[in-house]
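Tertiary structure, described
Given next are the chains, with one letter for each unit.
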Amino acid sequence: MKILMLHGINHNMFGKRDPKQYGTVTLAEIDAQLQALGKELGAEVESFQTNSEGEMCERIHRAFADGVDAVLINAGAWTHYSYGIRDALAILTVPVVELHMSNIHAREAFRHHSVFAEIVKGQICGFGVDSYLLGLRAAVTAARG
């Protein structure tokens, strides 16, 4: 089973950016935890991070062509306004799980709305790094359907 983890804008700064919201964990540490859990669950997890919206769409298109079994996405701020990424995700025919480290519904008003919400299988937010791990478990379960 192949799962694609998509990390969005500014996530390369985890560990340095706003530790109150995101803690001190780095992106490399998050990916290592996903790899370890993926092994336990019998899934290969590939991670991709970009600060370019176009590159994110291209990687989603490639996921469709490659036939991944599920996609996890933490798009960061793009969650709230990127119709381009939303439309790319809508092309996928596999489960997509949206996740966020912070509780987007308890933050600034503009973060309360996700343009992805109506096309994803589900959303997990507010559990820090555990949001990623819960998301991976949900994606694997949904892909096994």
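Here the structure is a predicted model, which is why all the values come from computation and not from measurement.

1. Some remarks on helix α2 (residues 27-41)
Relative to the 21 Å expected for 15 residues at 1.5 Å per residue, α2 spans 21 Å between its end C-alpha atoms, a close match to the ideal helical length. For α2, the set of buried residues is Leu27, Ile30, Asp31, Leu34, Leu37, Gly38 and Leu41. Across the axial projection of α2, the buried residues extend over an arc of 130°, all falling on one side. Turned more than 90 degrees off the buried face of α2, the exposed positions are Ala28, Lys39 and Glu40. Each element contacted by the buried residues of α2 is listed here: β1 (2-7), β2 (44-49), β3 (70-74) and α5 (129-144). Looking one or two residues beyond α2, the residue adopting positive phi is Gly42, at roughly 75°.

2. Let's talk about the side chain of Thr50
On the secondary structure map, Thr50 appears in the loop between β2 and α3 (53-66). Here Glu55 takes part through its side chain, which lies 2.7 Å from a polar atom of the side chain of Thr50. Thr50 has contacts with His7, Gly8, Ile9, Glu55, Met56 and Trp78, leaving out every residue within four places of it along the chain.

3. Quick notes on the sheet that holds β2
Sheet architecture is open: five strands sit in the order β2-β1-β3-β4-β5, paired in parallel fashion. Edge strands, defined here as strands with exactly one partner in the open sheet, are β2 and β5 (122-125). Between one strand axis and the next, the sheet turns by 20° as a mean value, whatever way the strands run. When β1 meets β2, the two strands line up parallel, connected through six bridges. The residue bridging Leu4 from the neighbouring strand is Glu46, located in β2. Most of the contacts of α3 go to β1, to which it runs at about 170°, and overall it touches β1 and β2.

4. Quick notes on the pattern of salt bridges
Within the structure shown, the criterion is met by three salt bridges. Note that Glu46 and Arg59 form a salt bridge whose closest N and O atoms lie 3.0 Å from each other. Taken together, the positions of Glu46 in strand β2 and Arg59 in helix α3 put the pair 13 residues apart, joining distant regions of the chain. Residue Glu46 is classed as partly exposed on the basis of its relative accessible area of 36%.

What counts and how
Residues numbered from 1 in each chain as written. Predicted model: local features only at pLDDT ≥ 70, side-chain atom pairs only at ≥ 80, totals over all residues. Heavy atoms only, no water. Helix = DSSP H or I, 4+ residues; strand = E, 2+ residues; numbered from the N terminus. Expected span 1.5 Å × (residues − 1). Buried < 20%, exposed > 50% of the residue type's maximum accessible area, 1.4 Å probe, protein only. Arc of directions from axis to C-beta. Contact = heavy atoms within 4.5 Å. Polar contact = N/O pair within 3.5 Å; in protein donor to acceptor, adjacent residues only side chain to side chain. Pairing = 2+ DSSP bridges. Axes fitted to C-alpha atoms, helices over the stretch in contact; angles between N-to-C directions. Salt bridge = Lys/Arg side-chain N within 4 Å of Asp/Glu carboxyl O.

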